[in-house]
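Observations on chain architecture
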Amino acid sequence: MEPLDSQVGFLLEADRLKTVLRQTTLTDRSRRENSAEHSWHLALMALVLAGHAPPGADLGRVVAMLVLHDLVEIDAGDLFVYAAEADQARQEQAERAAADRLFPMLPPPQASSLRALWDEFEERATAEAKFARALDRLQPMLINMVTGGGTWMAHGVTADQVLARVALIEDGSPSLGAYARDMIERAVDRGILAPPPT
């Protein structure tokens with residue numbers, strides 16, 4: 001098979017990401033967003049919020065990771081971030097199996113380099129991966145704020161559950177982490193996020 005045929009085949013397979021629905025709705029609440037829309041929004045966030053990235057971070061690598069990170073949901077589907085640990089472990093296995101299937105569809109050198117970016121995002125060992133993961137955690141919080149609690153209200157999520165995810169944001173961007181903490185406090189004050197159980 002010619003490299004271009006492989007690349008086109010991969011791109012057509014990637015189009016299936018548009019069919020994977022997430023828990024988060026669009027800001028107008030008309031429907032749930034799909035994973036391709038989520039990835040696009042994250043890439044845009046990386047461009048707009050680049051000033052909050054760690055000094056010296058390669059923004060091109062960040063955007064590439066964000067565009068690639070959810071392709072595995074074509075096979076694995078999307079899992080709610082507050083799902084049980086056992087479900088999270090199963091999801092991780094399913095996503096790795098999906099990566100093993102999807103990236104080899106590309107010509108070998110390209111397959112290796114894009115898979116390495118996906119692995120880098122998962123491992124969070126670089127400044128770029130940490131910033132990308134911070135944006136991935138922040139985006140649904142922003143949507144929940146403008147949709148009156150969104151998935152927080154729908155699933156009875158409490159402030160302590162959300163705060164547990166903020167450490168990952170702070171690790172990638174202290175300023176965005178501080179913004180997220182303030183947002184959670186405002187959400188509790190507005191009654192769209194349940195306070196921690198007493």
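Since we're looking at a predicted model, the values are computed, not measured.

Leu-66, Leu-71, Leu-135, Met-141, Trp-152, Val-162 and Leu-193 are the most contacted members of the largest nonpolar core, which has 47 residues in total. Elements with a contribution of two residues or more to this core: helix 1 (3-14), helix 2 (35-48), helix 3 (59-68), helix 5 (85-102), helix 6 (108-123), helix 7 (127-146), helix 9 (159-172) and helix 10 (174-190). A total of 8 residues in this core trace back to one element, the largest contributor, which is helix 7. Every residue in contact with Met-141, bar those within four places of it in the chain, is listed here: Trp-152, Val-162, Arg-165, Val-166, Ile-169, Ala-180 and Met-183.

Another aspect to go through is the environment of Leu-42. Along the chain, Leu-42 turns up in helix 2. The buried category is assigned to Leu-42, whose relative accessible area is 0%. Put simply, Leu-42 and Asp-136 are 94 residues apart on the chain and 6.6 Å apart in space, counted from C-alpha to C-alpha. Residue contacts for Leu-42: discarding those within four places in its chain leaves Leu-66, His-69, Leu-135, Asp-136 and Gln-139.

Below, the discussion takes up the side chain of Glu-128. With respect to the helices and strands, Glu-128 occurs in helix 7. Buried and unpaired, Glu-128 has Arg-61 as its nearest opposite-charge partner, separated by 4.9 Å. Contacts of Glu-128, omitting those with residues within four sequence positions, involve Gly-56, Ala-57, Asp-58, Arg-61, Val-62, Met-65 and Glu-120.

Moving on, we come to the packing of helix 6 against helix 7. Orientation of helix 6 relative to helix 7, taken along the N-to-C sense of each, is 70 degrees, at an axis distance of 8 Å. Put simply, helix 6 runs roughly perpendicular to helix 7. The residues of helix 7 that touch helix 6, namely those facing Glu-120, Phe-121 and Glu-122, are Glu-128, Ala-129, Ala-132, Arg-133 and Asp-136. Of the residues belonging to the contact of helix 6 with helix 7, the class tally is 3 nonpolar, no polar and 5 charged.

Our focus in this paragraph is the pairing of strand 1 (residues 21-25). Looking at chain direction, strand 1 and strand 2 (residues 32-34) are connected through 2 bridges and run antiparallel. Counterpart to Leu-21 in the pairing with strand 2 is Asn-34. The antiparallel pairing of strand 1 with strand 2 creates a hairpin that spans 6 residues between the two strands, and Arg-29 there sits at a positive phi of about 65 degrees.

Taken as a whole and judged by the stated rule, the model has 2 aromatic pairs. Geometrically, the ring pair formed by Phe-80 and Tyr-82 is edge-to-face, given 5.3 Å between the ring centres and 70 degrees between the ring planes. For the cation-ring pair, Arg-186 lies above Tyr-179, with the distance from its terminal atom to the ring centre recorded as 5.9 Å.

A side chain with one charge may pair with a side chain of the opposite charge, provided their charged atoms come close. Applying the stated rule across the entire model yields 15 salt bridges. In this structure, Asp-87 and Arg-90 form a salt bridge, with 2.2 Å as the shortest nitrogen-oxygen distance. In this pair, Asp-87 and Arg-90 are both assigned in helix 5, 3 residues apart and thus about one turn of the helix distant. Given the relative accessible area of 29%, Asp-87 is considered partly exposed. When its relative accessible area of 51% is taken as the criterion, Arg-90 is described as exposed. Arg-124 is the salt-bridge partner of Asp-171, the closest N and O atoms lying 2.7 Å from each other. Taken together, the residues Asp-171 in helix 9 and Arg-124 in the loop between helix 6 and helix 7 connect sequence positions 47 residues apart. Looking at Arg-124, the relative accessible area reads 25%, which means it is partly exposed.

Further remarks concern helix 1. Compared with the 16 Å implied by 1.5 Å per residue over 12 residues, the 16 Å span of helix 1 between its first and last C-alpha is a close match. Those residues of helix 1 lying buried are Ser-6, Phe-10, Glu-13 and Ala-14. One side of helix 1 holds all its buried residues, which, seen down the axis, span an arc of 100 degrees. Turned more than 90 degrees away from the buried face of helix 1, the exposed residues are Leu-4, Leu-11 and Leu-12. Taken together, the buried residues of helix 1 touch helix 4 (73-76) and helix 5.

Cut-offs used in this document
Residues numbered from 1 in each chain as written. Predicted model: local features only at pLDDT ≥ 70, side-chain atom pairs only at ≥ 80, totals over all residues. Heavy atoms only, no water. Core = buried A, V, L, I, M, F, W, Y, C linked by side-chain atoms within 4.5 Å. Buried < 20%, exposed > 50% of the residue type's maximum accessible area, 1.4 Å probe, protein only. Helix = DSSP H or I, 4+ residues; strand = E, 2+ residues; numbered from the N terminus. Contact = heavy atoms within 4.5 Å. Lys, Arg positive; Asp, Glu negative; His and termini not counted. Salt bridge = Lys/Arg side-chain N within 4 Å of Asp/Glu carboxyl O. Axes fitted to C-alpha atoms, helices over the stretch in contact; angles between N-to-C directions. Parallel < 35°, antiparallel > 145°, perpendicular 65-115°, else oblique. Nonpolar A, V, L, I, M, F, W, Y, C, P; charged D, E, K, R; others polar. Pairing = 2+ DSSP bridges. Phe/Tyr/Trp six-rings, centres within 6.5 Å; stacked < 30°, edge-to-face > 60°. Lys NZ or Arg CZ within 6 Å of the ring centre and 35° of its normal. Expected span 1.5 Å × (residues − 1). Arc of directions from axis to C-beta.

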